[in-house]
Amino acid sequence: MDRFGLALLLVLAGAAPVAAAELPPRKAGLWEMKTTASSGRTLSMQQCIDAKTDEAMQAGSAANAQRDCSKREVKKSGNTITIDSVCTIAGKPRTAHTLIAGSFDSAYTMTTTSENEGAPARTLTIEAKWLGPCAADQKPGDTIMPNGTKMNVLDMKKGTAAPAPAAPGAPPQH
């Protein structure tokens, strides 16, 4: 897998630094997530989740936000959540504006625009769509990359997982 893919996987693992109480839980099952960076580069992946996995991923993200962010404002209006934050990443301040719209039962879009001091603004958009139940060979936390590589986000957080081999007929891993 290339560096872009791994970076996006880590972003998706904690999609937004939001406390579990701030977002409704996603519907259990298989989600497809299409991530587009401001560079125009796009990556699609699938992730199998259940309530426990979704809560663990949000809790990990919230812990990072509490540690690294000096400001967090969360506003809810209908099916829209807006988050404005100021965080310190690699010793530099970063402001971010996140807009999440849609339903956590079927489909939502999350767009984050962030700015670092002295750098142009960057935008990352995640379009998520519920596909149905997870496949029989999937467990909660499994993330399937475009090349067929399967990784478990929960195992990665524990530091115990190596990527599973690509599915038969999938392109070679990088």
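Refer to the structure above for everything that follows.
The text that follows walks through the structure, step by step, so that each part is easy to find. (Residues numbered from 1 in each chain as written. Predicted model: local features only at pLDDT ≥ 70, side-chain atom pairs only at ≥ 80, totals over all residues. Heavy atoms only, no water.)

### Some details on the overall build of the chain
Stage number 1. The secondary structure content of the chain amounts to three helices and nine strands.
Stage number 2. Across the 174 residues in the chain, those meeting the buried criterion constitute 35%.
Stage number 3. When the accessible surface of the chain is split by element, carbon and sulfur atoms take 56% of a total near 9,400 Å². (Helix = DSSP H or I, 4+ residues; strand = E, 2+ residues; numbered from the N terminus. Buried < 20%, exposed > 50% of the residue type's maximum accessible area, 1.4 Å probe, protein only. Areas by Shrake-Rupley, 256 points an atom, 1.4 Å probe, with all protein chains shown as cover.)

### Details of the nonpolar core
Stage number 1. With twelve residues, the main nonpolar core is built from Leu23, Trp31, Met33, Ile49, Ile81, Ile83, Ile100, Phe104, Tyr108, Met110, Ile126 and Ala128.
Stage number 2. Mapped by element, the contributors of at least two residues to this core are β1 (29-37), β4 (80-89), β6 (107-116) and β7 (122-132). (Core = buried A, V, L, I, M, F, W, Y, C linked by side-chain atoms within 4.5 Å.)

### Quick notes on the sheet that holds β6
Stage number 1. Overall, antiparallel pairing links the nine strands, which are arranged β3-β4-β5-β6-β7-β1-β2-β8-β9 in an open sheet. Either end of the sheet is taken by a strand with one partner, and the two such strands are β3 (69-77) and β9 (150-152). Sheet twist, expressed as the average angle between the axes of neighbouring strands with direction ignored, equals 20°.
Stage number 2. Alignment of strand β2 (residues 42-49) against strand β8 (residues 142-144), held across two bridges, turns out to be antiparallel. Pairing of Gln46 across the sheet is with Ile144, part of β8. (Pairing = 2+ DSSP bridges. Axes fitted to C-alpha atoms, helices over the stretch in contact; angles between N-to-C directions.)

### As for the pattern of salt bridges
Stage number 1. Scanning all chains against the criterion turns up four salt bridges.
Stage number 2. Taking the shortest distance from any N to any O, the salt bridge between Lys150 and Asp142 comes out at 3.8 Å.
Stage number 3. By relative accessible area, which is 22% here, Lys150 ends up partly exposed.
Stage number 4. For Asp142, a relative accessible area of 5% puts it in the buried group. (Salt bridge = Lys/Arg side-chain N within 4 Å of Asp/Glu carboxyl O.)

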